[in-house]
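Residue-level structural notes
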Amino acid sequence: MKVSVFIATSVDGYIARKGGEIDWLEQANQLVPEGEDCGYQDFMEGIDLLVMGRKTFEQVLSFGMWPYAKPVLVLSREKREVPEDLIGKVSFSSEEPGELYERLVAEGTRRIYIDGGYTIQQFLGEGLVTDLVITKIPILLGGGISLFGALECDIRLRHVWTKAYDFGFVQSKYELVSAVDPDDAI
């Protein structure tokens, strides 16, 4: 099963301000020409399930309209009820990433999309992410919620492609090669 990340960051690697605000991303999206989605729709067509953390789910709920046509699984340690208007679209799980991965493989899931900083970090930490598409937005935040946070070991990536957009976004795709303990690195 493929485990994919598709996310935007500031040039200095933050996905949100310290309080979780993404106003800078909403402002940057105003620069995107109508009809351009930076490959998001094509990416979503190949996804079976979107897995996100509780904080990301709550952020998405604040947008008003539910943006996903694919099923969404929210990882949360707290017991949660699915909002009535999202029954059949959203489910909750308290499974750890490895446990969830094994269950989804057994169910025949081919590709999942991981969203949310902490959730991405958990899946990376367990060596489950297969590829990342990272779109750099031309802004420096100087602090906030880091996409990767502290890593317990180096994670080697293979560059697949990079695309620069006229409106300033730079998008790159990487595949994970391996995790390497820094003490073992050359």
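Read on for a plain summary of the structure. (Residues numbered from 1 in each chain as written. Predicted model: local features only at pLDDT ≥ 70, side-chain atom pairs only at ≥ 80, totals over all residues. Heavy atoms only, no water.)

Along the backbone of the protein chain there are five helices and 10 strands. A globule of 186 residues ought to have a C-alpha radius of gyration of about 16 Å, and the protein chain, at 17 Å, matches this closely. If one aligns the C-alpha atoms of the protein chain with their principal axes, the spans along those axes are about 45 × 40 × 30 Å. Looking at the protein chain residue by residue over its 186 residues, the buried ones come to 41%. Considering only intrachain contacts with a sequence separation of at least 6, the fraction spanning at least 24 residues in the protein chain is 67%. Summed over all atoms, the accessible surface of the protein chain reaches about 10,600 Å², with 50% contributed by carbon and sulfur. (Helix = DSSP H or I, 4+ residues; strand = E, 2+ residues; numbered from the N terminus. Rg over C-alpha atoms; globule rule 2.2 N^0.38 Å. Buried < 20%, exposed > 50% of the residue type's maximum accessible area, 1.4 Å probe, protein only. Contact = heavy atoms within 4.5 Å. Areas by Shrake-Rupley, 256 points an atom, 1.4 Å probe, with all protein chains shown as cover.)

The next subject is the nonpolar core. Among the nonpolar cores identified, the biggest contains 21 residues, and V51, I112, I114 and F123 are the most heavily contacted of them. Residues within four places of V51 in sequence aside, it is in contact with L73, L75, L100, I112, Y113, I114, D115, T119 and F123. Membership of the second largest hydrophobic core comes to 16 residues, among which are F43, I47, W66 and L86. (Core = buried A, V, L, I, M, F, W, Y, C linked by side-chain atoms within 4.5 Å.)

It is worth spelling out the packing of aromatic side chains at this point. Taken as a whole, this structure holds nine aromatic pairs when the rule is applied. Residues F6 and F43 carry aromatic rings whose centres are separated by 4.7 Å and whose planes lie at 35° to one another, so their mutual orientation is tilted. Of the two residues, F6 sits in strand 1 (residues 2–10) while F43 sits in helix 2 (residues 40–45), which places them 37 residues apart along the sequence. Neither residue differs from the other here; F6 and F43 are each classed as buried. Between F57 and F92 the ring centres are 5.4 Å apart and the planes differ by 90°, which places this aromatic pair in the edge-to-face class. Here F57, found in helix 3 (residues 54–61), pairs with F92, found in strand 5 (residues 90–93); they are 35 residues apart in sequence, far enough to count as distant. A relative accessible area of 0% means that F57 is categorised as buried. By relative accessible area, F92 is classed as partly exposed at 21%. These aromatic residues form a ring-pair network of at least three members: F6, Y40, F43 and Y113. (Phe/Tyr/Trp six-rings, centres within 6.5 Å; stacked < 30°, edge-to-face > 60°.)

Looking at the secondary structure, you find G149 in the loop between strand 8 (145–146) and strand 9 (154–164). A relative accessible area of 36% places G149 in the partly exposed class. In sequence terms G149 and Y118 are 31 residues apart; their C-alpha atoms lie 8.5 Å from each other.

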